[in-house]
Every structure is written in C-alpha cells, then in structure tokens.
Amino acid sequence: MTATDTAGDLPIAPEAREHLHLAETATARNYHPLPVVLSSGEGAWVTDVGGRRYLDCLAGYSALNFGHGHPRLLAAAREQLERLTLTSRAFHNDRLGPFCRDLAELAGMELVLPMNTGAEAVETALKVARKWGYEVKGVPADRANIIVADGNFHGRTTTIVSFSTDPDAREGFGPFTPGFRTVPYGDAGALAAAVDEHTVAVLLEPIQGEAGVVIPPQGYLPAVRELCSRESVLFVADEIQSGLGRTGTTFACDAEGVTPDMYILGKALGGGIVPLSAVVARRETLGVIRPGNHGSTFGGNPLAAAVGHTVVELLRTGEYQARAARLGAQHRERLEALIGHGVRAVRSRGLWSGIDIDPQLMSGREACERLLARGILAKDTHGSTIRLAPPLVIAADELDWMTEQLAEVLAAPRP
C-alpha cells in the first residue's frame, strides 16, 4: 500500500485505485464509503483486491449475521439456483409456503407477507396498518395517523423520509407524506399523549440502530405494548437490524418479554446472499390485504425463500442467539473499560454496540479510518459515534483483538 486517500492519510492498495476511480466517476454518490475495495469474504473476515484481510465489524448493517459464505446458506442458494429462481407471485412455487410457515412459527405469528428490501417491508407495514385501521378499527377514510419516534431510521423512500428527523434524509425531497406524528424515543408519556381515536399504529425500532444503537429505558417497550392494547392500536416493531439473533435473542423485543402486533424483518433474513424482507403478523392483522392490494415481482421468489428458510432453520436451534448474548456480554465489559480513555459512552445489546468517541479526540469517521488501517471495518454515525455489529460467528479472541485495536487508535496521537 502506497498511495493516499484524497480525504486523508489512509493508505490505498494500488490494485484498488482503478476501482475507486470507477466508483467515483460512474456511481451516484449516495454513500461516502471508506477507501477499501473488497473482493472476497469468509466467516467474519473479508479480503480486498490487494490481498489484505479485514475483520468485518459491520456485517452489512446486520445483513451478515451468519457471516460471509455460511456453508448451509451457500448450499441452499446453489441448490435453488439450479432449480428455479423466479416465478413471480402470479404462480405458486414450492419454496414459499414452507418458508412463510416456519418464519411465522419462529415469530409466534400466523401470516407472512414477503418483500425484498427493508424499506419495502416498512412501506408494506404502513399500508397494512392503515387498511387495518379503516376496516377493523373503524377510522374514517383518510384520517389514520401513525406515531413514530424521533431519531428513527426505517428506510429512505419518500413516505419513510417524511417522518425522519434526519435533515440529510429529508432535505430536498418534499413535499412529504402526511399522517405521521413524531414523539421522543423512549418517552412513554409523550407517546400516550399523542394517541387519539384516529391512531392506527405505533412504529418503533426496539433499539435504534442508525441513531447509534440507542436502547430505550427499561420498561418502555412493555409500556408501549400495554398502551397499544388498551387503545386498539397496532404495535409495529421494526426489527430489520435488531432482529434475528443480533441482540442475543431472536428479536430485540424478546429481551423485555414483549410481542408486537407486527414484526418488520429484513437484512439477515436473506443470509447476506439475497435481498429478502417480510412483514409477519397474526391473521386478523395481515388478513386485511387481499389480491391486488399489494405485491412485488420478486417478493417471495423461490431463491430468496430457500435462503430465508435456511436462516429460519439456523435460528431455531438458538445457537446464534446464545452466542451473541455470551460474546456480547464479554465484549461490552471490554468496551466499557475504555470509558474515560477516549470513549464517553457505550451502549450495547448482544453483539451490537454504539460507542461515543470523545469528539475532542477525533470524529467517528476518523476513528473508522484509523481502524481500517489496522485491519478492522467499522462504521461511524452522527459525528462521533461508531457502530460495531460483527457477524455472530466471530470468535472471542477476534473480538478482543478488535477492542485492543480500538484502544490503541484512541491512545495514539494524531499524525
């Protein structure tokens, strides 16, 4: 590695230069990635085009909970690739029913509406909640409102950014979709005050990921559940990042014994191989959707269903949830030892952590660049926070090594 990144002193593999140039000249700049060009991966590790290995501590924002190239997931994908990849929902396929049945059982629900991306699943849940409100709750036409929390991140479609509180997500994309009310995250009293007779749903992340792994106060989720039950409002839990083993339980809601009316799932559901998302709920909720109301050409395709079914089978054993809980507790202890040594706060649940770096020391971006130079991939958010979400297959000694590298980054003087 010799050349330097124009944004700083980060060394770049000579083999990566052309790839970076192509990305900068031929790709719309909707991301600001670190200057590394990856070409292969296995388990918790990835390799760049120059042959250097990195410990992946982002895991595709939790899409790679089972690591890169999990053998059972690859086998399921290969087998299905040879048989049938797409039919559209104009016809049945032999992979969709078993996948939906077993995913519903895993979630303690009855029906699954499969889609592709997380944002599509959120849009689906919004439509379902409104239709449920009109048909079941009896809200007058076009009067439904949905309550959301500030600091939320549910995707980037026009409707979703309509209730984002992130200026970068909103500015320049109006006019916005009406029908949403925003309350402070973690404030059950403010939520209760916002509910009226036209409220059809409360949409929340049990843990806010993009905001920096923000965990609500103990008792908040049960209070939301009780309020929604009392007021005949749907509790919709966006578990796209927090679900499927990441937090040490199958769903983040499980930590407080809460079951929402709808789960929104994605990312890890596709095993890091295919885009796959879903809304999972009981029949009285999802049953309001009828033929012609909603759909997707690729939603529920055989390839995605085959991979997703294998993900469900992996989760049924409880192995990955237990591993995330055990390793996450050890990792949190080591991260908290850095508080006062360049770290201001640590928030974690399972193998998911938000670490607030002292902004006088460096920005989150700078910390991630310096970790990259040491062979670790991480992601910054909101200025001075970095997020860690390694694959659940990561080893304990690899986690310890990552924490040691972070400690050395924070201790090292600026160049």
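Per an unreviewed UniProt entry, the protein chain is named ornithine aminotransferase, and its organism is Streptomyces nigrescens. Of the comments in the UniProt record for the protein chain, the one headed Cofactor (unreviewed entry) reads "pyridoxal 5'-phosphate". Under the heading Sequence similarities (unreviewed entry), UniProt records this for the protein chain: "Belongs to the class-III pyridoxal-phosphate-dependent aminotransferase family."

Read from one edge of the open sheet, seven strands run 6-12-11-10-9-7-8, paired in mixed fashion. Edge strands, defined here as strands with exactly one partner in the open sheet, are strand 6 (111–115) and strand 8 (180–183). Strand-to-strand, the axes of this sheet are offset by a mean angle of 20 degrees, without reference to chain direction. In this sheet, strand 11 (residues 262–265) lies alongside strand 10 (residues 234–238) in parallel orientation, the contact comprising three bridges. If you follow Ala237 over to strand 11, its bridge partner there is Tyr263. The strands touched by helix 4 (residues 96–107) within the sheet are strand 6, strand 11 and strand 12 (277–281), with strand 6 carrying the most contacts at an inclination of about 120 degrees. Together, strand 9 (199–204) and strand 10 form the strand contacts of helix 9 (residues 220–231), whose direction differs from that of strand 10 by roughly 145 degrees.

For helix 4, which comprises twelve residues, the first-to-last C-alpha distance of 17 Å matches the rise-based estimate of 16 Å (1.5 Å per residue) to within 8%. Among the residues making up helix 4, those that are buried are Leu96, Phe99, Cys100, Asp102, Leu103, Ala104 and Ala107. On its buried side, helix 4 packs onto strand 6, strand 11, strand 12 and helix 11 (302–316). Positive backbone phi, at 70 degrees, marks Gly108, one or two positions downstream of helix 4.

A word on the environment of Asp238. As for its placement among the helices and strands, Asp238 is situated in strand 10. Assessed through its relative accessible area of 5%, Asp238 is described here as buried. Apart from the residues lying within four places of it in its own chain, the contact partners of Asp238 are Val122, Phe153, His154, Leu203, Leu204, Glu205, Pro206 and Ile264. Within the structure, the side chain of Asp238 is placed 2.7 Å from the side chain of His154, a separation counted as a polar contact.

With that out of the way, let us pick up the layout of surface pockets. Estimated volume of the second largest pocket: approximately 370 Å³. What lines the second largest pocket is a set of 18 residues, and nearest its centre among them are Arg89, Val112, Leu113, Pro114 and Ile289. For the lining of the second largest pocket, the secondary structure elements donating two or more residues are helix 4 and strand 6. The element best represented in the lining of the second largest pocket is strand 6, accounting for five residues. When its residues are assigned to classes, the lining of the second largest pocket shows ten nonpolar, six polar and two charged.

Quick look at the domain arrangement of the protein chain now. According to the domain assignment, the protein chain consists of domain 1 (71–317) and domain 2 (321–391 + 404–414). If you average the C-alpha positions of domain 1 and of domain 2, the two centres end up 28 Å apart. In this complex, domain 1 contributes 18 residues to the contact, which on the side of domain 2 involves 18 residues. Summed over both sides, the interface between domain 1 and domain 2 buries roughly 1,600 Å², with carbon and sulfur atoms accounting for 55% of that surface. Interface area lost by domain 1 to domain 2 is led by Val213, Ile215 and Arg246, which between them contribute 38%. Seen at the junction of domain 1 and domain 2, the total is one salt bridge. Notably, a salt bridge pairs Glu210 with Arg387, separated by 3.1 Å at the nearest N-O pair. Our count for the contact surface shared by domain 1 and domain 2 stands at eleven residue pairs in polar contact (both at pLDDT 80 or more). Considering only residue class, the side of domain 1 that touches domain 2 consists of seven nonpolar, nine polar and two charged.

Time to look at the packing of helix 4 against helix 11. The interhelical angle for the contact between helix 4 and helix 11, taken along N-to-C directions, is 30 degrees, at an axis separation of 9 Å. Judged on the interaxial angle alone, helix 11 and helix 4 are roughly parallel. Seen along the crossing, helix 4 lies across helix 11 with a hand that is left-handed. Contacts between helix 4 and helix 11 involve Leu96, Pro98, Phe99, Asp102, Leu103, Glu105 and Leu106 on the former and, on the latter, Ala305, Gly308, His309, Val312, Leu315 and Arg316. In terms of residue class, the contact of helix 4 with helix 11 is built from eight nonpolar, two polar and three charged.

Rules and cut-offs
- Residues numbered from 1 in each chain as written.
- Predicted model: local features only at pLDDT ≥ 70, side-chain atom pairs only at ≥ 80, totals over all residues.
- Heavy atoms only, no water.
- UniProt positions renumbered as here; feature names shortened; annotations may be inferred.
- Pairing = 2+ DSSP bridges.
- Helix = DSSP H or I, 4+ residues; strand = E, 2+ residues; numbered from the N terminus.
- Axes fitted to C-alpha atoms, helices over the stretch in contact; angles between N-to-C directions.
- Contact = heavy atoms within 4.5 Å.
- Expected span 1.5 Å × (residues − 1).
- Buried < 20%, exposed > 50% of the residue type's maximum accessible area, 1.4 Å probe, protein only.
- Polar contact = N/O pair within 3.5 Å; in protein donor to acceptor, adjacent residues only side chain to side chain.
- 1 Å grid on protein atoms, 1.4 Å probe; cavity = no way out; pocket = protein on both sides within 12 Å on 5 of 7 lines; lining within 4 Å.
- Points joined across faces, edges and corners; volume = space filled by probe spheres on them.
- Nonpolar A, V, L, I, M, F, W, Y, C, P; charged D, E, K, R; others polar.
- Domains from an automatic or database assignment.
- Buried area = accessible area lost by both parts, 1.4 Å probe.
- Salt bridge = Lys/Arg side-chain N within 4 Å of Asp/Glu carboxyl O.
- Parallel < 35°, antiparallel > 145°, perpendicular 65-115°, else oblique.
- Left-handed = near helix turned anticlockwise from the far one by under 90°.

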